[in-house]
Structures are given as C-alpha cells and as structure tokens.
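Inside the fold
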Amino acid sequence: MSKFKTVAAAVIGCAIIGGVGFIAFAQYGEHKSFPAIKAGLLTGDTAQVQRGQYVAAAGDCAACHTVPGGQTYAGGYALQTPFGTIKASNITQDADTGIGGWSLEQFDKAVRHGVGNHGYLYPAMPYNAYTKMSDQDIADLYAYIKTVPAVKQKVVENELPFPFNQRMLLAGWNLLFFKDERFAAIPGVSPLVSRGDYLVNGPGHCAACHTAKNLLGGDVAETFQGGTLQGWHAPDLTPNPHTGLGKWKAEDIVSYLKTGTSRQAAAAGPMLEAVENSTQYLTDDDLHAITAYLQQLPASKAAVPVAVQSTDPQMVQGRLVFESQCEACHTSSGAGVRQMIPELRNNAQVNVKDPSSLLNVVLKGADGPITAGNPTGAGMPRFDWKLADEDIAAVQTYIRNSWGNSASKVTAEQVKASRAELGAKAWLGR
Ligand code: HEC
Ligand code: HEC
Ligand code: HEC
C-alpha cells in the first residue's frame, strides 16, 4: 500500500510548470483572504464528533494522513512525484508537529482553500474537491479531528528540489485549475442525485483518479471517463455500456462500494484502499446517492472497436495460455464465480483502451477486498515469474476479445514496459 496515493503525482509536477509563469500573481496571492466559515456551527458535542468521524471516512483522510501500521493521522506517508517526495502532514493535535491549537478558520483554510501554515498546499492534498464541502461538514470534521490523540512526529512535508519546493508557485496552478467554490446542486435533479453529486465531487474526490489529467495536471473536460495513475487505470464511471458502468445495476455499484466486489468486478489497488478505508463505512442511503448520481451522468462516447478474430495467431496463443493458467478460476465462458472470481466477459475494465490495471493484476496478482461485507476475500495469483511477456500479452488480447469483449491488442513491449514500471519479477522460464 504505498505508491498509489500519488493520485496527484502528475498534478504536482505540472502544478509547478503552471506556477512558474505566475510568480507575480503568487506573491500577491499569498495574502488572499477567503470567505469566512459560518459562525456558531461548532458545539463539539458527541453527536458532532460522530458526524465528523463519518465525514473523515467519506473524505478518506486516513488514506494519506495515516501510514499503514502507523499512528492515526500522524502523517509521514510519502507521495512520490516525478520531482521528488511530498509527505502528508501530521494532522493530530500535537502543538509542535501537528495542527494542535489550529482554529476552525485555519483548518478550513487548509482543507477547503489549500493554504496551510507554510503557505500554499500541493494539490496532492485534494483541496480542489474538498472545497465543495459544506460549512457544517467542515465544522463536524474539525470537532472530530480535535479528539484524535496528539502524536509528536515531525514530518518534513516538502523535500522537492529547488525550484519545485517554492510553494508560491502553486498559486499559478490554483489560478489555472482551482475553483474555490462551495457545492451547488444541479438545478432540477432529485435530492438523492444531489447528495450523490456532493459526495462524489466533494469529500469522495472520485475525480482525483477517475478523471484524466491534462499536461499541466488539471482535470480534462471529459470528467469521470477514466484516468491512469501509478500503473493503474481507474475506469470510466459513466453509463457507457462497453467501458463504463452501463451494464451495472444500481445494486452492483452499491455492492462494489460496500464490499469491494460486485457481479462484474473486484476492487484492486487504489480502489481497494478507497473501499477499505472509506466507502465501506458509508450508509446505504449515501451509497445509493452516489450510484444515482453516477447513473445520470452522460455516457462517454468511446467508440467500440471491432473484436480481434479468434483465428488471429495471438488469439490462438492466448487461448492456450488461458486454458492452462486462468480457466480453473475464471471459467471457460469468462463468467467467473459470483462475488468471488470476477467475470471477465462484460467487464468494463477488460474492455478499456488502457490495459494498465489488467497488466498490474496479472503481473503482480491482487489480494481480494476484505470488508465487513466480504470477510474472506479470494485472491488472484501473480504471473510475472510464471509467464513470458509474449504469453501475458497473448492472454490479455484473448480476454479482451472473447465472449463479446472487444479492445485493442496488448503487445509484448507493453508487458515489458509494465514489468519495469511496476517493479514486477522477471520471468523464470529462460
Ligand atoms: C490524496 C492524499 C490526501 C488526502 C486524501 C488528504 N490529504 Fe491532507 N494533505 C495531504 C498532503 C500531501 C499534505 C501536505 C501538502 C503540502 O505539504 O503542501 C496535506 C496537508 C493537509 C493539511 C495541512 C497541514 C499543515 O500543516 O499545513 C491539513 C489540515 C489536511 N491535509 C487535512 C486533511 C483532511 C481533514 C483530509 C480528509 C478530509 C485530508 N487532509 C485528506 C494529502 C492528503
Ligand atoms: C485513489 C484513486 C481512486 C479514488 C479516489 C477512487 N477510485 Fe474508483 N477506482 C480506482 C481504480 C484504480 C479502479 C480500478 C480497480 C481495479 O481494476 O480493480 C477503480 C474502480 C472503480 C469502480 C469499478 C469500475 C469497473 O468498471 O470495474 C467503481 C464503481 C469506482 N471505482 C467508483 C469510485 C467512486 C464512486 C469513487 C469516489 C467515492 C472512487 N471510485 C474513488 C481508483 C480510485
Ligand atoms: C486462483 C484463481 C485465479 C487464477 C488462476 C487466475 N485468476 Fe484472475 N482473478 C482471481 C481473483 C480472485 C480476482 C479478483 C482479485 C481482486 O481484484 O480482488 C482476479 C482478478 C482478475 C482480473 C481483474 C478483473 C477486474 O475486475 O479488475 C483479471 C483481468 C484477471 N484476474 C485475469 C486473469 C488471467 C489472465 C489469468 C491467467 C493468466 C488469471 N486471472 C488467473 C482469481 C484467479
């Protein structure tokens, strides 16, 4: 559980480029003021603390602010960027090394406006989504964070080399990509869809992974149509029937977010963490709200490619690999075993153009999700040591073009590149 919290790796790199042109603005921007949070929302009673704990789960603050096995919210989690390392801050109540003594206003300024005690925060901290959160949720969250035990742990957050360590450059990024505005409901939608919109685009920061980034690390206009991060592809969440959630029923989406598995898929990598740390704790009402919001998005327009012929030599080779290595679990019809072995036919992730996640799972294997709703979690074995690049490419092309699936071929060169990127083991066969 290390590399993928780099949701914003590209974002940060590019933040900097974006920032360079705006130094002048930055110097001015450092002194910018923000709309004040509504007064009188802070009671600090048990009910508020409990609501705040729920907001922290919805926002998945622990994903970055708690090192696996480390102390809660004590920070230190390293986010790798092409320019160097950024560490998530200690947000416990320790006065020297954490955020002890911070007022609600200071907390708000960091979480919703992206300005911490040392100046602008790197957008690795997803304030560009949190900015949508309500005054009430921020006050509740603050009340909860106040109850987290203080831990003294110094985190040197910014180890980037010059000039990337210059926080004021981030003002340029903010100017280009950050809309500092609260949530506003889409007119005319149901309260359920509106709540889902709030959760997805506010605390849930789903777009951080599921929306592709432009060269400067800002979100592209095609929101929720899939993004690639750290060797994983976070797929299209729109109702596109081929690459998106078009074939998922509402209960499939709810089940996936609650337990990590659905009829179609099992969560791996960064999504497995999002389920384990965050979405499994959401109420059924909120999961239905997220689902209703996703289902009313306009379907992406990705074209459906023509399937590769079963007589193609790579398909013939791939079929042999599938029969000997995969069929015992995934079954010859690609149907899998319900809620345990994911179905490979009708599986959006198998049909997406970018095979990053497929290569990741087949090369390095995947632990099944372990959630309250799915305590046993079957796993997918790793094949990096067992199969040559050509065989992995062939089996990928085969599953991507069988049982009604259709997607581009995967080449041995792609497998080789993936092995290097993921630090996978070498094939033992030669
Ligand atoms: C995807 C990773 C990620 C998530 C999720 C995340 N943070 Fe952060 N956060 C960071 C990083 C990285 C920093 C340090 C950024 C920097 O140094 O510029 C940070 C900084 C902060 C700071 C500023 C601390 C300081 O000393 O200036 C606060 C406060 C904070 N986060 C609170 C939260 C809360 C509350 C949540 C959940 C609602 C949250 N964060 C979720 C990555 C994350
Ligand atoms: C840290 C990055 C990250 C965040 C944040 C994130 N996701 Fe994901 N998501 C992924 C990745 C990567 C996958 C693919 C996992 C796999 O292949 O097993 C995925 C898969 C999914 C899938 C399954 C799609 C399919 O076709 O198999 C759904 C549904 C989903 N995410 C919904 C959400 C929602 C809703 C949110 C916000 C509450 C969210 N995700 C937040 C990275 C993320
Ligand atoms: C021992 C049983 C087993 C074998 C053998 C096996 N798998 Fe899997 N596979 C699984 C399980 C379980 C998962 C779900 C893992 C997770 O993401 O939690 C999975 C997941 C996958 C996924 C990801 C699906 C998704 O929704 O993201 C792909 C692709 C896949 N397997 C392909 C293969 C291929 C190709 C082979 C043969 C080279 C293979 N599997 C062999 C059990 C198996």
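Shown above is the structure to which this text applies.
Everything numeric in this text was worked out from a predicted model, so none of it was measured.

**Some points on the packing of aromatic side chains**
Tallying each qualifying case throughout the model produces nine aromatic pairs. Pairing F107 with Y142 gives two aromatic rings, centres 5.6 Å apart and planes at 55 degrees, and the pair type is tilted. With a gap of 35 residues between them, F107 in helix α5 (residues 104-113) and Y142 in helix α7 (residues 135-145) connect regions that are remote in the sequence. Relative accessible area serves as the criterion here: at 8%, Y142 is assigned to the buried category. Each member of the aromatic cluster is reached from another via a ring pair, and the members are F322, Y398 and W403.

**Description of helix α17 (residues 356-364)**
Among the nine residues of α17, seven are classified as buried, and the element is accordingly described as predominantly covered. Those residues of α17 that are buried lie in contact with β5 (227-229), β6 (232-234), α16 (348-351), α18 (389-400) and α19 (412-422). Two residues or fewer past α17, G365 is found with a positive phi of approximately 75 degrees.

**A closer look at the site of ligand 1**
Neighbouring residues of ligand 1: 26 residues in total, closest C61, C64, H65, M125 and R167. Within the side chain of H65, one N or O atom sits 2.8 Å away from a nitrogen atom of ligand 1. Measuring from an oxygen atom of ligand 1, one finds a backbone N or O atom of Y122 at 2.8 Å. Broken down by secondary-structure element, the contributors of at least two residues to the shell around ligand 1 are α4 (61-65), β2 (84-87) and α5. Its residues assigned to classes, the shell around ligand 1 comprises 17 nonpolar, five polar and four charged.

**Some points on the coordination of the iron atom of ligand 2**
Coordination of the iron atom of ligand 2 by the protein is provided by H210 (NE2) and M271 (SD), with metal-donor distances spanning 2.0 to 2.2 Å. Classification of the site at the iron atom of ligand 2 as octahedral follows from its six donor atoms and the range of 89 to 180 degrees in their angles at the metal. Here H210 is found in helix α10 (residues 207-210), whereas its partner M271 is found in helix α12 (residues 269-277), with 61 residues between them in sequence. For M271, a relative accessible area of 22% gives the class partly exposed.

**Digging into the coordination of the iron atom of ligand 3**
Those protein atoms acting as donors to the iron atom of ligand 3 are H330 (NE2) and M380 (SD), and they sit at 2.0 to 2.1 Å. Among the residues examined, H330 registers a relative accessible area of 11% and is labelled buried.

**Quick look at the site of ligand 2**
Around ligand 2, the surrounding shell holds 24 residues, and the nearest of these are C206, C209, H210, M271 and Q349. Measuring from a nitrogen atom of ligand 2, one finds a side-chain N or O atom of H210 at 2.8 Å. A266 is positioned with one of its backbone polar atoms (N or O) 3.3 Å from an oxygen atom of ligand 2. Elements with a minimum of two residues in the shell around ligand 2: α10, β6, α11 (250-259), α12 and α16. At three residues, β6 tops the list of elements feeding residues into the shell around ligand 2.

**Remarks on the packing of helix α9 (residues 191-201) against helix α13 (residues 284-295)**
Orientation of α9 relative to α13, taken along the N-to-C sense of each, is 90 degrees, at an axis distance of 7 Å. On the basis of the axis angle, α9 is roughly perpendicular to α13. Residues L192, V193, R195, G196, D197, L199, V200 and N201 of α9 touch α13, and the partners they reach there are D285, D286, H288, A289, I290, A292 and Y293. Counted by class, the contact of α9 with α13 contains eight nonpolar, three polar and four charged residues.

**Things to note about α19**
Buried residues of α19: A412, V415, S418, R419 and L422, and no others. Projected onto a plane normal to the axis of α19, the buried residues spread over an arc of 120 degrees and lie on a single side. Summarising the geometry of α19, the exposed residues directed more than 90 degrees from the buried face are E413, K416, A420 and E421. Along its buried surface, α19 packs onto α17 and α18. The positive-phi residue at the C-terminal boundary of α19 is G423, with phi of around 65 degrees.

**Notes on the environment of S408**
On the secondary structure map, S408 appears in the loop between α18 and α19. Sequence separation of S408 and N90 is 318 residues, and the distance between their C-alpha atoms is 44 Å. Apart from the residues lying within four places of it in its own chain, the contact partners of S408 are K353 and R400.

**Focus on the pattern of salt bridges**
Pairing between side chains becomes possible if they bear opposite charge and their charged atoms approach one another. Per the counting criterion, the structure on display carries 16 salt bridges. Across the salt bridge formed by R195 and D286, the nearest N and O atoms sit 2.9 Å from each other. With R195 in helix α9 and D286 in helix α13, the pair connects residues that are 91 residues apart, well separated along the chain. Exposure remark for R195: the relative accessible area of 31% places this residue in the partly exposed category. The buried category is assigned to D286, whose relative accessible area is 7%. One network of salt bridges, in which partners are shared, links D94, D96 and K152.

**A look at the nonpolar core**
Y73, F107, M133, I138, L141, Y144 and I145 are the most contacted members of the largest nonpolar core, which has 29 residues in total. Going through the elements one at a time, α3 (46-59), α5, α6 (127-130) and α7 are the ones with two or more residues in this core. Counting residues per element, this core draws most heavily on α7, at seven residues. Not counting residues up to four positions away in its chain, the partners in contact with Y144 are V49, G52, Q53, A56 and Y73.

What counts, and at which threshold
Residues numbered from 1 in each chain as written. Chains lettered and ligands numbered in written order. Predicted model: local features only at pLDDT ≥ 70, side-chain atom pairs only at ≥ 80, totals over all residues. Heavy atoms only, no water. Phe/Tyr/Trp six-rings, centres within 6.5 Å; stacked < 30°, edge-to-face > 60°. Helix = DSSP H or I, 4+ residues; strand = E, 2+ residues; numbered from the N terminus. Buried < 20%, exposed > 50% of the residue type's maximum accessible area, 1.4 Å probe, protein only. Contact = heavy atoms within 4.5 Å. Near = heavy atom within 4 Å. Polar contact = N/O pair within 3.5 Å; in protein donor to acceptor, adjacent residues only side chain to side chain. Nonpolar A, V, L, I, M, F, W, Y, C, P; charged D, E, K, R; others polar. Donors = N, O, S within 2.8 Å, 3.2 Å for Na, K, Ca; no water. Tetrahedral: all angles 85-135°; square planar, octahedral: opposite > 155°, others 65-115°. Axes fitted to C-alpha atoms, helices over the stretch in contact; angles between N-to-C directions. Parallel < 35°, antiparallel > 145°, perpendicular 65-115°, else oblique. Arc of directions from axis to C-beta. Salt bridge = Lys/Arg side-chain N within 4 Å of Asp/Glu carboxyl O. Core = buried A, V, L, I, M, F, W, Y, C linked by side-chain atoms within 4.5 Å.

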